[in-house]
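Structural overview for review
The primary structure of each chain is shown beneath.
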Amino acid sequence: MHTPCVVNVTVPTGLPLSVGISGANLHDSQALEPLVRGLPPIRSRRGRRRRRPGKLHADKAYDYAHLRRWLRERGIRHRIARRGVESSQRLGRHRWTVERTMAWLSGCRRLHRRYERKAEHFLAFASIACTLICYRRLTK
């Protein structure tokens, strides 16, 4: 079974910009690098397009030294909750955009139950769903 993984950009509207799927038995932290690499250039209000996000918020599942180092090497500021030290409640005001997007995706009937046998087909439908979410948000 494959589950969708989504990277949201939280400025200013929190739209899904990168989507991927992974096996249900794969840890969330292993999906971070491919999703961040898959982000398209982001248009900023002034100047050139940005090739990377300015800041990344994540929960305790991503609290690994190699991920922090990888983000630091790319110049991405991060706010990752530390296991055993911080409560997940403090990230709630930023993490809700990801949870909201996952709720929007679960509203898509085709993604609610896995009908496709091939992972490529499931990824295509997840991408279409994210495109529709972006279109609906931007036309409001």
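Scope of this entry: the structure provided in the associated data block. Because the structure is a prediction, the values reported are computed rather than measured.

Of note, serine 29 is situated in the loop between β2 (15-23) and α1 (32-37). There is a polar contact of 2.9 Å between the side chain of serine 29 and the side chain of histidine 27. Each residue touching serine 29, except ones within four places of it in the same chain, is listed here: Ala61, Tyr62, Tyr64 and Leu67.

Structurally, the position occupied by arginine 68 is in helix α2 (residues 65-73). Of the polar contacts made by the side chain of arginine 68, one reaches the backbone oxygen of isoleucine 80; its length is 3.1 Å. Beyond its immediate sequence surroundings of up to four residues, arginine 68 is in contact with Asp63, His78, Ile80, Ala81 and Arg82.

Moving on: the state of the cysteines. What is meant by a disulfide is a covalent connection between two cysteines, made through their sulfur atoms. Applying the stated rule across the entire model yields zero disulfides. Free of any disulfide, cysteine 108 has its nearest neighbouring cysteine sulfur in cysteine 130, separated by 8.2 Å. Left unpaired, cysteine 134 is separated from the closest cysteine sulfur, that of cysteine 130, by 6.8 Å. A residue is classified by how much of its surface remains accessible, and cysteine 134, at 15% relative accessible area, is buried.

Among the nonpolar cores identified, the biggest contains 10 residues, and these are Leu32, Val36, Leu56, Ala58, Tyr62, Leu67, Trp70, Leu71, Ile76 and Ile80. Elements with a contribution of two residues or more to this core: α1, β3 (55-58) and α2. The element best represented in this core is α2, accounting for three residues. Counting residues in each nonpolar core, the second largest holds seven residues, with Leu105, Leu111, Cys130 and Ile133 among its members.

This next bit is on the pattern of salt bridges. Here the structure, examined in full by the defined rule, presents four salt bridges. Here glutamate 33 ties to arginine 37 by a salt bridge, and the two come within 3.6 Å at their closest N and O atoms. Of this pair, glutamate 33 and arginine 37 are both found in helix α1, four residues apart, which corresponds to roughly one turn of the helix. Overall, the relative accessible area of 56% leaves arginine 37 in the exposed class. Two residues, aspartate 63 and arginine 68, come together in a salt bridge whose shortest N-O distance is 2.8 Å. Among the residues examined, arginine 68 registers a relative accessible area of 16% and is labelled buried. It is possible to trace a salt-bridge network through shared partners that takes in Asp63, Arg68 and Arg83.

Parameters and conventions
- Residues numbered from 1 in each chain as written.
- Predicted model: local features only at pLDDT ≥ 70, side-chain atom pairs only at ≥ 80, totals over all residues.
- Heavy atoms only, no water.
- Helix = DSSP H or I, 4+ residues; strand = E, 2+ residues; numbered from the N terminus.
- Polar contact = N/O pair within 3.5 Å; in protein donor to acceptor, adjacent residues only side chain to side chain.
- Contact = heavy atoms within 4.5 Å.
- Disulfide = S-S within 2.5 Å.
- Buried < 20%, exposed > 50% of the residue type's maximum accessible area, 1.4 Å probe, protein only.
- Core = buried A, V, L, I, M, F, W, Y, C linked by side-chain atoms within 4.5 Å.
- Salt bridge = Lys/Arg side-chain N within 4 Å of Asp/Glu carboxyl O.

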